[in-house]
Amino acid sequence: MPYLGGEEAVRELRRALANPHVQADRLRYRAAVLRVIRLMAQGADVSGLFPEMVKASAGADVVQKKLVSLFVRAQAPRQPQLALLAVNTLRKDCAHPSPAVRGLALRSMCGLRVPGIQEYLQQPLLSGLRDRASYVRRAAVLGCAKMVKLQGDCEVDGALVNELYSLLRDQDPIVVVNCLRALEEILKKEGGVVINKPIAHHLLNRMADLDQWGQSEVLTFLLRYRPRSEEELFDILNLLDGCLKSSSPSVVMAATKLFLVLARDYPHVQADVLVRVKGPLLSACTSESRELCFTALCHVRQILGSLPGHFSSHYKKFFCSYSEPHYIKCQKMEVLCELVNDENVQQVLEELKSYCTDVSVELAQGAIFAIGNIARTYTDQCVGILTELLGLQQEHITSAVVQAFRDLAWLCPQCTDAVCRALPGCEDAIQDSEGKQALIWLLGTHGEKVPNAPYVLEDFVENVKMEMFPAVKMELLTALVRLFLARPAECQDMLGRLLYYCIEEEMDMAVRDRGLFYYRLLQSGVEEVKRVLCSPKSDPSLGLLEDQTERPVNTWASEFNTLAPVYGRERWALVTAHQTAEPSYACSSHTDSRSKDTGIMPHLHLESLISKEVLEVHPDTSSLTLIPDVYLTAEQFQKTWLSLDTSCHLSLPWCGTVHPDAIQTALQVVHIQTIAMSKAGVQPWKAYLSAQDDTGCLFLTELLLEAADSEMQVSVKQSEAKPEALQTFISVLRTVMGTVAGLGS
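The model shown is predicted, which means the values in this text are computed figures rather than measured ones.

1. Observations regarding the overall build of the chain
Item 1. Helix and strand counts for the chain stand at 39 helices and five strands.
Item 2. Considering only C-alpha atoms, the chain reaches an extent of 105 × 80 × 55 Å along its principal axes.
Item 3. Every one of the 745 residues in the chain was classed for burial, and the buried ones make up 49%.
Item 4. Sequence separation of at least 24 residues holds for 65% of the intrachain contacts in the chain that already meet a minimum separation of 6.
Item 5. Of the roughly 36400 Å² of accessible surface on the chain, 53% is carried by carbon and sulfur atoms.
Item 6. On the chain, the mean spot of the 73 positive side-chain charges and the mean spot of the 89 negative ones are 10 Å from each other.

Set out below in structure tokens:
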């Protein structure tokens, strides 16, 4: 028998596929086709069998047609000319009596990624959209999205869009969901599928017919609809009530987000929904799926930010299991810190104490830091546990305990005496940089309460030449100068030796500069040193600020059931801002030349640059958080625009021509949506923009450029009088337009 991957095997398969006797036997013919697929899966070059395989697709065997379809779609990019040979056979199959064959033919044709295939797709797809079989309609709907994507920047066929909108009322629920996804992809540049009142109520009434995946998709699309009245709002919430009882976590989470967004003006409704979702979230937190468990824990922490103690009665659900991975255990410990109260503090601390001796260094230190966080409220119990852990004389445990003591001494002055009593003997077990810095800071700041503080620091001074970490040396300098002010007789000699080493022998320039600074400071007199270095030894207000974590549900409702709780708001904003835009291909040479002539910039480069500019100019945008997925129709914009007065009018310098695509891409990065925009070269050039912050305040903007190389007039209208938010919005808009103008010139 020939080698399976060799040329002889390909020649043998070609002879078998062309053999009339094999073709006459259905099972032998299918076996030969299957051998070709197996050979292709192993990486062999079977492109030479393309004509024989296309011929094999003309048979009546449905299984054989599926195998040939897989081969043709995989080999079409290598053989684009021969791939068109399969089109005639596939078009014939689109009229086959069997719905399975018709649907397979549509899927195969839409999977041929070859130039010129679009003209052969239109008629079969339109026929498929009107097919009696739901399976064919499903394939045809998804095929429409693929066809439009292959067309690139060509104008979308309005008749096709209307046909898909009409199929939203199809009897088959999967067709309905496929239509939503297809319209979202086709109308991406226009803002996606529009959900008006008839469509929204129709989708709500069809929820019972959808499977779990379909329900999740529909609930996500319904976020775009805004009820017109309070009565309509509560009618919708009543229809969605059953989704909160679903056995699918994805449906429950999607329904919860829709409840939170729709009930923006009804905090009591939001609180009631969060109480009802407690059970499904707790079940997800104990799920065998690690990904689901981690995501649920992140959402629990998000809810606790607005409702502290919401899960306190179920604190045992967040105890760690030995088989759980490290990242889940860390999240559970963070949750436990937020659930501690007078009733469960003893049990939580005992559980965290058991984690402190875990074989995992990271987990053990994380548990110690968690006890340190709880110590800000329950000081005596936590300090006792931390002091007890020092007796284990384990390097990583001692280091973490000393770091926790440092934070406690800074945030909770009442803990200082207990911390200072526990410090003696710690220096022998600490080897890492963070632990050394924490111990040296404590000895320098509170050294008057630690009898042997000068002698511990003297050991560090004696071994300073062998110290590997520059940060430890700089901390040692500061601590010794501070302790010198409190205990000068014991520290004078060692301080002189340390300064001499840092100035004359140290190779690290940062340490040398710090030594020179303190040397010159000491020359100016003790009073000047006290004025500079004797800062407060603690700041309890920082602990109070950290405890003020309660924030309204509306500040994160739009982020619920997304990756924002997993990544964190800031990091998720950067991730979404730097997402690579998919390349689009023009449908004619005219479009290509126009893109080159107008100098349209790559989306990725522009998005990265805009994000960088906004972050540099506005590092703190806490006064304004724009919501990304809020879209106004042209009618809504016009009605709102006419009803509002102009809040601000300004002029922006502009040089050169306007690039609408670049401006629209840049505005999307900062979540400002484009309602309408003139084409390039039109004078006067206009654009209308909208944005909404997390409190529901709308910002409507008009851009007007009378002629090239002139000032751009900007008019902003605001639905609510918020001067601070308005100034931040104008500043962000000014930065974006300035960046685009600079790139264009």
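2. Topic: the packing of helix H27 (residues 453-462) against helix H28 (residues 470-486)
Item 1. Packing of H27 against H28 brings their axes to within 11 Å, and their N-to-C directions diverge by 145°. Classified by chirality, the crossing of H28 by H27 is left-handed. Packed against H27, whose contacting residues are Ala453, Pro454, Leu457, Phe460 and Val461, the element H28 presents Leu476, Leu480 and Leu483 at the interface.

3. Thoughts on the pattern of salt bridges
Item 1. Evaluation of the coordinates by the stated rule reveals 29 salt bridges.
Item 2. Taking the shortest distance from any N to any O, the salt bridge between Glu163 and Arg130 comes out at 3.5 Å. With Glu163 in helix H11 (residues 158-166) and Arg130 in the loop between helix H9 (118-129) and helix H10 (134-151), the pair connects residues that are 33 residues apart, well separated along the chain.
Item 3. By relative accessible area, which is 18% here, Glu163 ends up buried.

4. Description of the pairing of strand S3 (residues 685-692)
Item 1. Among the eight residues in S3, six count as buried, and that is most of the element.
Item 2. Where strand S2 (residues 673-677) and S3 come together, four bridges link them in antiparallel fashion. Within S3, the position partnered with Thr674 by the bridge is Leu689.
Item 3. Bridge count between S3 and strand S4 (residues 698-705): eight bridges; the pairing is antiparallel. Its bridge partner being in S4, Trp685 is matched across the sheet by Leu705.
Item 4. Counting the residues between successive antiparallel strands, the hairpin from S3 to S4 contains five residues, one of them, Gly696, with a positive phi of roughly 95°.

5. Some points on the packing of aromatic side chains
Item 1. Going through the model one piece at a time under the given rule, you end up with twelve aromatic pairs.
Item 2. With 5.4 Å between their ring centres and 35° between their planes, Tyr567 and Trp572 make a pair best called tilted.
Item 3. Residue classification places Tyr567 among the partly exposed positions, given a relative accessible area of 35%.
Item 4. Geometrically, the ring pair formed by Phe699 and Phe729 is stacked, given 4.7 Å between the ring centres and 15° between the ring planes. Taken together, the residues span a long stretch of sequence, with Phe699 in strand S4 and Phe729 in helix H39 (residues 723-744) at a distance of 30 residues.
Item 5. Relative accessible area serves as the criterion here: at 0%, Phe699 is assigned to the buried category.

6. A closer look at the confidence of the model for the chain
Item 1. Of the residues in the chain, 90% reach a pLDDT of 70 or more, and the chain-wide mean stands at 83.
Item 2. This stretch, residues 580-622, has a pLDDT under 50; its non-local contacts, to residues over four places away or in other chains, come to 54 contacts.

7. Here we look at helix H26 (residues 433-445)
Three- or four-residue spacings in an α-helix give side chains the same orientation, since the helix completes a turn every 3.6 residues.
Item 1. Relative to the 18 Å expected for 13 residues at 1.5 Å per residue, H26 spans 18 Å between its end C-alpha atoms, a close match to the ideal helical length.
Item 2. For H26, the buried fraction is high: twelve of the 13 residues fall into the buried class.
Item 3. Turning to H26, its buried residues number three or more, namely Ser433, Gly435, Lys436, Gln437, Ala438, Leu439, Ile440, Trp441, Leu442, Leu443, Gly444 and Thr445.
Item 4. Considering only its buried residues, H26 is in contact with helix H24 (395-411), helix H25 (416-422), H27 and H28.
Item 5. Two to three positions downstream of the cap, the backbone nitrogen of Gly435 sits 3.1 Å from a side-chain oxygen, assigning the N-cap of H26 to Asp432.

8. Some points on the pairing of S4
Item 1. Among the eight residues that make up S4, eight are buried, leaving the element largely enclosed by the rest of the structure.
Item 2. Side chains Leu698, Leu700, Glu702 and Leu704 of S4 all project onto a buried face; the interleaved residues Phe699, Thr701, Leu703 and Leu705 project onto the opposite face, where all are buried too.
Item 3. For S4 and strand S5 (residues 711-718), the ladder comprises six bridges, and the chain directions are antiparallel. Counted as the bridge partner of Leu704 is Gln713 from S5.

9. Digging into a positive patch on the surface
Item 1. A contiguous patch of positive charge on the surface is contributed by Lys66, Arg107, Arg113 and Lys146.
Item 2. With respect to the helices and strands, the residue Arg113 is situated in the loop between helix H8 (99-110) and H9.

10. Things to note about the sheet that holds S5
Item 1. Judged by pairing direction, the sheet is antiparallel, and its five strands sit side by side in the order S1-S5-S4-S3-S2 without closing on themselves. Edge strands, defined here as strands with exactly one partner in the open sheet, are strand S1 (646-653) and S2. Neighbour-to-neighbour, the strand axes of this sheet turn through a mean angle of 20°, independent of strand direction.
Item 2. In the packing of helix H37 (residues 634-643) onto the sheet, the strands contacted are S2, S3, S4 and S5, and the crossing angle to S4 comes to about 90°.

11. Quick word on the environment of Tyr355
Item 1. Position of Tyr355 among the secondary structure elements: in helix H21 (residues 345-355).
Item 2. Between the C-alpha atom of Tyr355 and that of Lys329, which follows or precedes it by 26 residues, the distance is 9.7 Å.
Item 3. Among residues more than four places away in sequence, those in contact with Tyr355 are Phe319, Cys320, Met333, Leu363, Ala364 and Ala367.
Item 4. Here Cys320 takes part through its backbone nitrogen, which lies 2.8 Å from a polar atom of the side chain of Tyr355.

12. Some remarks on unusual backbone geometry
Item 1. Of note, the phi angle at Gln393 is positive, near 55°, even though the residue is not glycine.
Item 2. Here Gln393 shows up in the loop between helix H23 (379-390) and H24.
Item 3. For His671, which is not glycine, the phi dihedral falls at a positive 65°.
Item 4. Note that His671 resides in the loop between helix H38 (660-669) and S2.

13. Side note on the state of the cysteines
Item 1. Per the counting criterion, the structure on display carries zero disulfides.
Item 2. For Cys356, which is in no disulfide, the shortest distance to another cysteine sulfur is to Cys382 and amounts to 10 Å.
Item 3. Judged by relative accessible area, which is 0%, Cys356 ranks as buried.

14. Points about H24
Item 1. For H24, which comprises 17 residues, the first-to-last C-alpha distance of 25 Å matches the rise-based estimate of 24 Å (1.5 Å per residue) to within 8%.
Item 2. Of all 17 residues making up H24, 13 are buried, and the element is well covered by its neighbours.

15. Remarks on the packing of H11 against helix H12 (residues 173-186)
Item 1. Contact pair H11 / H12: the axes reach a minimum separation of 9 Å and the direction vectors enclose 155°. Between H11 and H12, the crossing angle belongs to the class labelled roughly antiparallel. For the crossing formed where H11 meets H12, the hand is left-handed. The residues of H12 that touch H11, namely those facing Val161, Leu164 and Tyr165, are Cys179, Ala182, Leu183 and Ile186.
Item 2. Residues belonging to the contact of H11 with H12 are distributed by class as follows: seven nonpolar, no polar and no charged.

16. A few points about the environment of Arg224
Item 1. Among the structural elements, Arg224 can be located in the loop between helix H14 (212-221) and helix H15 (230-240).
Item 2. Take Arg224: its relative accessible area is 24%, and that puts it in the partly exposed class.
Item 3. Through-space distance from the C-alpha of Arg224 to that of Val193 is 9.3 Å; in sequence the pair is 31 residues apart.
Item 4. Among all residues touching Arg224, those that are not within four sequence positions of it are Glu184, Gly191, Gly192, Val193 and Ile195.

Parameters and conventions
- Residues numbered from 1 in each chain as written.
- Predicted model: local features only at pLDDT ≥ 70, side-chain atom pairs only at ≥ 80, totals over all residues.
- Heavy atoms only, no water.
- Helix = DSSP H or I, 4+ residues; strand = E, 2+ residues; numbered from the N terminus.
- Buried < 20%, exposed > 50% of the residue type's maximum accessible area, 1.4 Å probe, protein only.
- Contact = heavy atoms within 4.5 Å.
- Areas by Shrake-Rupley, 256 points an atom, 1.4 Å probe, with all protein chains shown as cover.
- Lys, Arg positive; Asp, Glu negative; His and termini not counted.
- Charge placed at Lys NZ, Arg CZ, Asp CG, Glu CD.
- Axes fitted to C-alpha atoms, helices over the stretch in contact; angles between N-to-C directions.
- Left-handed = near helix turned anticlockwise from the far one by under 90°.
- Salt bridge = Lys/Arg side-chain N within 4 Å of Asp/Glu carboxyl O.
- Pairing = 2+ DSSP bridges.
- Phe/Tyr/Trp six-rings, centres within 6.5 Å; stacked < 30°, edge-to-face > 60°.
- pLDDT = per-residue confidence, 0-100.
- Expected span 1.5 Å × (residues − 1).
- Polar contact = N/O pair within 3.5 Å; in protein donor to acceptor, adjacent residues only side chain to side chain.
- Patch = residues over 30% accessible without salt bridge, like charges linked within 9 Å, V, L, I, M, F, W, Y side chains within 5 Å.
- Disulfide = S-S within 2.5 Å.
- Parallel < 35°, antiparallel > 145°, perpendicular 65-115°, else oblique.
- Nonpolar A, V, L, I, M, F, W, Y, C, P; charged D, E, K, R; others polar.

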